[in-house]
Amino acid sequence: MRGFVQTAVALSALLAVACSEQEARERRIDRLVSSMTLEEKIGMLHANRMFSSGGVSRLGIPDLWFSDGPHGVRMESEDNGWKPLDWDNDACSYLPALSALAATWDSGLAYRYGTVIGAECKARGKDVCLAPGVNIVRSVQNGRTWEYFSEDPFITSEMAVPYIRGIQSCGVASCVKHFALNSQAWHQYTISSEVDDRTLHEIYLPAFEAAVKRAGVMAVIPAYNKVRGRWCSENTWLIDTLLRRDMGFDGLVVSDWNGVHSTLGAARCGTDIEMGTAVKKDGKYDFDQYYLAAPLLEKVRSGEVSPSCVDDKVRNILRLMLRLDLVGKAPYDTAGMASRLATREHAAVAREVARKSIVLLKNDAGFLPLDRSGYRRIAVVGACAAERFALGGGSPKVKAKYEVTALEGIRSRVGAGTEVVFAPGFRLRNRAFQPAVHRFTTEFDVEDSRLVEAAVEAARQADLVLYIGGLTHEHGLDCEGFDRADMKLPYRQDALISAVLDANPNTVVVLMTGSPVELGGWERRAPAILQCSFLGMEGGNALAEVLFGDVCPEGKLTVTWARSLSDMPDHAVGEYPGSEQSVRFNEGVMVGYRWFDTYQAEPRYEFGYGLSYTTFRYGSLRLAPVWKKGRRSFKVSFDVTNTGPVDGCETVQLYVRDRECRVERPDRELKGFCKVRLRRGRTKRVTLTLDRRALQWYDADSSSWVDEPGRFDVLVGASSRDIRLEGSFSLE
Ligand code: BGC
């Protein structure tokens, strides 16, 4: 009892300190706002360079500096355009893409990843990091799929929250994006995403809500598209009602670059800063003519916009600045920053993420791992093996301090007695753009067929082939700004892989893809297939470690791999790409595996899937209700045993099925997961908790989350379909 009283006293003291800090901050904001002229205030509401917005130097309010994210700090570019400045000290860590981070299912690692990005932003003098992207993968054709975590809101939230905390622990604001419902590039500047309320709350909002409520994210970027007919950055329902009122967000809303369309729209909505608008004069960006610059001043003077709209925006900006302790301080000293970028510690995080993210899709008869000295000659085939990916993909491009390619990683890993020959098999290049369909097509020329012949010959003469292909960051593949035309491997890789397998059946296929691809007829014949996203600066080393068994693969898919596009819910029942005006998310909550599992459609590789070099047994499931503050939650415990030949790590997943409900619910939904690292032969008891929200659904009629009595099944497994333990309980 005494302990309890002491804790309560300590807690209320802490709360009092937090409250008084908050009050002091708000008072300071009031003082600053009241000392500013209207012109000074408006000067803070728009860009003054491509990646900064204005300050008020006489009051010690600095300019605010932004940078992309999410997997590295973007290189310096000119103030008034996009051209890189070619500095010799801004090369950074290049971490694996967020799709790779997600495939690790490792929240602790997501935090460390965030600290690398945060530390390097700080070193580069950036205040706000434009990351992470938490959009749900609805359409796998979206060129940004590789930038996002998953099709599932639970794992997206569980990875985004620590990532944000990691960045913000370095005194840099994280800016979560793109709010909301941006699931395709097709007509994204004109299209309105139409979704029902339940789907919005159950699928598309949770990661933003977690970012705000659990991670305390300091900034948000609205998406380019419209929602319910209004552009996100001018959408008062989205920004003022859902984000600010319902989620309680009191930070900065900064428009996406060129995402504002009118002065009144943005002024009257909770968007605070306008960035990247393409208003130009003599070929240069004319920041003074931005919607929230001179035109806004005019509208305030004429009485069309109330001065309090301006004050509210300035307040939100100052709140973020005070949280970062930027006001009245000398600018962060960036001298010698190069020594704080891509440090050994940062490289170690990059490598750990890369190695833990690689997914073993297929491994017939234990073909992998490879014996390092078991081959006289290895043929590495596939242009992706020698590709450096850091500078591609659109806004997340990174000037990496270095990037170890797959070919380099393999070469440095094999024994001295092994010759490694490289045959690209195809040539990467900018492909033909077809404006009519807003897509790219792949064309092949004579030279390519010579490359194929050379690759087949190299395969024939080798004891082992490592085929390293997949997608790239070219326009129309895994790249911002365009959707993929289909799910096929580009550059006729299906035919190339088949020809290589004909020449040498000892062929391991490595697919570097940040989004799912269709697997051609060769799949059956390939003894082993690995999938990895873009693996960052240590990628080649990490891949070699997995291939040669230095580490046991543990990555699992966070996006369903369908057999073909027509099986995907956006094609089967939803709408993709919609019209120029709108796209309706008719599949509702049945996104990704929710669709496949509810309607018994067969994916090629299901959500949560990934093999290991070892095996795991699950057992002794126990469900126990726990009462806390009059609320019931459930503890789910079970044993996991490593029954295979090597040490390894299993990602156990917990799904819930609501058996009695007045609305149709997905057959199963991910509500917990955990990584279990086990030496061979060892067993660990795992306990996961299902809280109240895990069982609820969102009722659009009452605009609230509903607890509905009835039976619930608990499914514990190695993937969404490889369920090893089942139990059930009733909620009264
Ligand atoms: C992207 C954002 C990015 C911004 C700044 C936009 O095109 O949608 O994700 O942060 O550019 O580079």
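Quantities reported herein were computed from a predicted structural model and do not represent experimental measurements.

Definitions and cut-offs
- Residues numbered from 1 in each chain as written.
- Predicted model: local features only at pLDDT ≥ 70, side-chain atom pairs only at ≥ 80, totals over all residues.
- Heavy atoms only, no water.
- Helix = DSSP H or I, 4+ residues; strand = E, 2+ residues; numbered from the N terminus.
- Rg over C-alpha atoms; globule rule 2.2 N^0.38 Å.
- Buried < 20%, exposed > 50% of the residue type's maximum accessible area, 1.4 Å probe, protein only.
- Contact = heavy atoms within 4.5 Å.
- Areas by Shrake-Rupley, 256 points an atom, 1.4 Å probe, with all protein chains shown as cover.
- Lys, Arg positive; Asp, Glu negative; His and termini not counted.
- Charge placed at Lys NZ, Arg CZ, Asp CG, Glu CD.
- Near = heavy atom within 4 Å.
- Polar contact = N/O pair within 3.5 Å; in protein donor to acceptor, adjacent residues only side chain to side chain.
- Patch = residues over 30% accessible without salt bridge, like charges linked within 9 Å, V, L, I, M, F, W, Y side chains within 5 Å.
- Salt bridge = Lys/Arg side-chain N within 4 Å of Asp/Glu carboxyl O.
- Phe/Tyr/Trp six-rings, centres within 6.5 Å; stacked < 30°, edge-to-face > 60°.
- Pairing = 2+ DSSP bridges.
- Axes fitted to C-alpha atoms, helices over the stretch in contact; angles between N-to-C directions.
- Core = buried A, V, L, I, M, F, W, Y, C linked by side-chain atoms within 4.5 Å.
- Arc of directions from axis to C-beta.
- Parallel < 35°, antiparallel > 145°, perpendicular 65-115°, else oblique.
- Left-handed = near helix turned anticlockwise from the far one by under 90°.

A.B. asks: Describe the overall build of the protein chain, with residues and values.
C.D. replies: On a plain count of helices and strands, the protein chain comes out with 19 helices and 30 strands. Computed over C-alpha atoms, the radius of gyration of the protein chain comes to 26 Å, within 12% of the 27 Å expected from 2.2 N^0.38 for 732 residues, which places it in the range of a compact globule. Within the span of the protein chain, comprising 732 residues, buried residues form 61% of the whole. Look at the contacts in the protein chain between residues 6 or more apart in sequence, and 76% of them connect residues 24 or more apart. When the accessible area of the protein chain is evaluated, it comes to approximately 27200 Å², of which 49% is carbon and sulfur surface. Distance from the positive charge centre (93 side chains) to the negative charge centre (95 side chains) of the protein chain: 5 Å.

A.B. asks: Go over the site of the ligand with me, naming the residues and quoting the values.
C.D. replies: Every residue lining the ligand is accounted for by F51, D68, R74, L130, R144, K177, H178, Y224, D256, W257, S395 and E480. Between the ligand and D68, the relevant distance is 2.5 Å, taken from an oxygen atom to a side-chain nitrogen or oxygen of the residue. Taking 310 Å² as the accessible area of the ligand by itself, protein coverage stands at 94%.

A.B. asks: Outline a positive patch on the surface, supporting the account with residue identities and numerical values.
C.D. replies: The grouping of K628, K629, R631 and K635 at the surface amounts to a positive patch. Here K628 is to be found in strand β22 (residues 616–628). Here K628 falls in the exposed class, since its relative accessible area comes to 64%.

A.B. asks: Give a description of the packing of aromatic side chains that names residues and reports values.
C.D. replies: All chains considered together, the criterion is met by 23 aromatic pairs. Ring plane angle 45° and centroid distance 5.5 Å describe the contact between Y113 and Y163, whose orientation is recorded as tilted. Of this pair, Y113 sits in helix α4 (residues 107–123) while Y163 sits in helix α5 (residues 153–168), placing them 50 residues apart in sequence. Side by side, Y113 and Y163 carry an identical accessibility label, which is buried. Centroid distance F426 to Y491: 5.2 Å. Interplanar angle 15°. Geometry classified as stacked. Pair noted here: F426 is in the loop between β15 (419–423) and β16 (432–434) and Y491 is in the loop between β18 (464–470) and α15 (493–503), with a separation of 65 residues, a long-range link. The class for F426 is buried, based on a relative accessible area of 2%. Here Y491 falls in the buried class, since its relative accessible area comes to 2%. Three or more aromatic residues joined by ring pairs make a cluster, and in this case those are W105, F154, Y593, F607, Y655 and F673.

A.B. asks: A description of the pattern of salt bridges should follow, citing residues and the corresponding values.
C.D. replies: Oppositely charged side chains can pair when the atoms bearing their charge come close. Here the structure, examined in full by the defined rule, presents 60 salt bridges. The closest approach of N and O atoms between E40 and R58, which form a salt bridge, is 2.7 Å. Taken together, the residues span a long stretch of sequence, with E40 in helix α2 (residues 38–43) and R58 in the loop between β2 (52–53) and β3 (64–67) at a distance of 18 residues. A residue is classified by how much of its surface remains accessible, and E40, at 19% relative accessible area, is buried. On the basis of relative accessible area, R58 is assigned to the exposed category, the value being 52%. Of the charged contacts in the structure, one is a salt bridge between R604 and E523, with a shortest N-O distance of 2.7 Å. Of this pair, R604 sits in the loop between α18 (593–598) and β22 while E523 sits in the loop between β19 (507–512) and β20 (528–532); the two residues are 81 residues apart in sequence, bridging distant segments of the chain. Taking relative accessible area as the criterion, R604 reaches 26% and is therefore assigned partly exposed. Residue E523 is classed as buried on the basis of its relative accessible area of 11%.

A.B. asks: For unusual backbone geometry, give the residues involved together with the corresponding values.
C.D. replies: Cis geometry marks the peptide bond from G69 to P70, where omega comes out at -5°. Mapped onto the fold, P70 is located in the loop between β3 and α3 (98–104). The residue after K177, namely H178, is reached through a cis peptide bond having omega -5°. As for its placement among the helices and strands, H178 is situated in strand β5 (residues 173–179). Non-glycine residue N258 carries a positive phi angle of around 75°. On the secondary structure map, N258 appears in the loop between β10 (252–253) and α9 (263–267).

A.B. asks: Kindly report on the sheet that holds strand β13 (residues 359–363), identifying the contributing residues and their values.
C.D. replies: A sheet is described by the order of its strands in space; here six strands give the open sequence β13-β20-β19-β18-β14-β15, paired in mixed fashion. Of all strands in the sheet, those with a lone pairing partner are β13 and β15, marking the two edges. Direction aside, the axes of adjacent strands within the sheet are offset by 15° on average. Here strand β14 (residues 377–381) pairs with β18 via four bridges, running parallel. Within β18, the residue paired with V380 across the bridge is L466.

A.B. asks: Which residues make up the nonpolar core, and what values go with them?
C.D. replies: Grouped together as the largest cluster of nonpolar side chains are 162 residues, with contacts concentrated most on F179, I468, W522 and L547. Beyond its immediate sequence surroundings of up to four residues, F179 is in contact with L205, F208, V220, I221, P222, A223, C232, L238, I239, L243 and M247. Residues I42, L252, L297 and M321 belong to the second largest nonpolar core, which totals 49 residues.

A.B. asks: Tell me about the sheet that holds strand β21 (residues 582–584), residues and numbers included.
C.D. replies: Read across the open sheet, the four strands follow the order β9-β8-β6-β21; overall the sheet is mixed. Either end of the sheet is taken by a strand with one partner, and the two such strands are β9 (230–231) and β21. Alignment of strand β6 (residues 192–194) against β21, held across three bridges, turns out to be parallel. Residue pairing for β21: S192 is matched across the bridge by S582.

A.B. asks: Account for the side chain of Q696, naming residues and giving values.
C.D. replies: Within the secondary structure, Q696 is located in the loop between α19 (692–695) and β27 (697–699). Apart from residues no more than four positions distant in its own chain, Q696 is found in contact with R665, W705, V706 and D707.

A.B. asks: Can you explain helix α10 (residues 294–301)? Please cite residues and give values.
C.D. replies: Turning to α10, its buried residues are L296, L297 and V300. End-on view of α10: buried residues confined to an arc of 105°, all on one side of the axis. Turned more than 90 degrees from where α10 packs its buried face, E298 and R301 sit exposed. Looking at the buried side of α10, the elements it contacts are α2, α9 and α11 (307–323). Of the residues one or two after α10, G303 is the one with positive phi, at around 90°.

A.B. asks: How would you summarise helix α7 (residues 206–213) if you had to cite specific residues and measurements?
C.D. replies: Extensive coverage of α7 is indicated by the burial of seven of its eight residues. Three or more residues of α7 are buried, namely P206, A207, F208, E209, A210, A211 and V212. Contacts made by the buried residues of α7 are with α5, β5, α6 (197–204), α8 (236–246) and α19.

A.B. asks: Pulling in residues and values, what's your account of the environment of Y148?
C.D. replies: When you line up the elements, Y148 lands in the loop between β4 (128–129) and α5. Y148 sits in the buried class, given a relative accessible area of 2%. Filtering out sequence-adjacent residues up to four positions away, Y148 remains in contact with L98, S99, G133, V134, N135, V137, N142 and H178. Separated by 2.9 Å, the side chains of Y148 and H178 make a polar contact.

A.B. asks: Before we move on, could you go through the packing of helix α12 (residues 344–357) against helix α16 (residues 539–547) and cite the residues and values that matter?
C.D. replies: At a minimum axis separation of 8 Å, α12 and α16 run at an interaxial angle of 45°. Judged by the angle between their axes, α12 and α16 are oblique. In the packing of α12 onto α16, the handedness of the crossing is right-handed. Facing R351, A354 and R355 of α12, the residues of α16 in contact are G539, N541, A542, E545 and V546.

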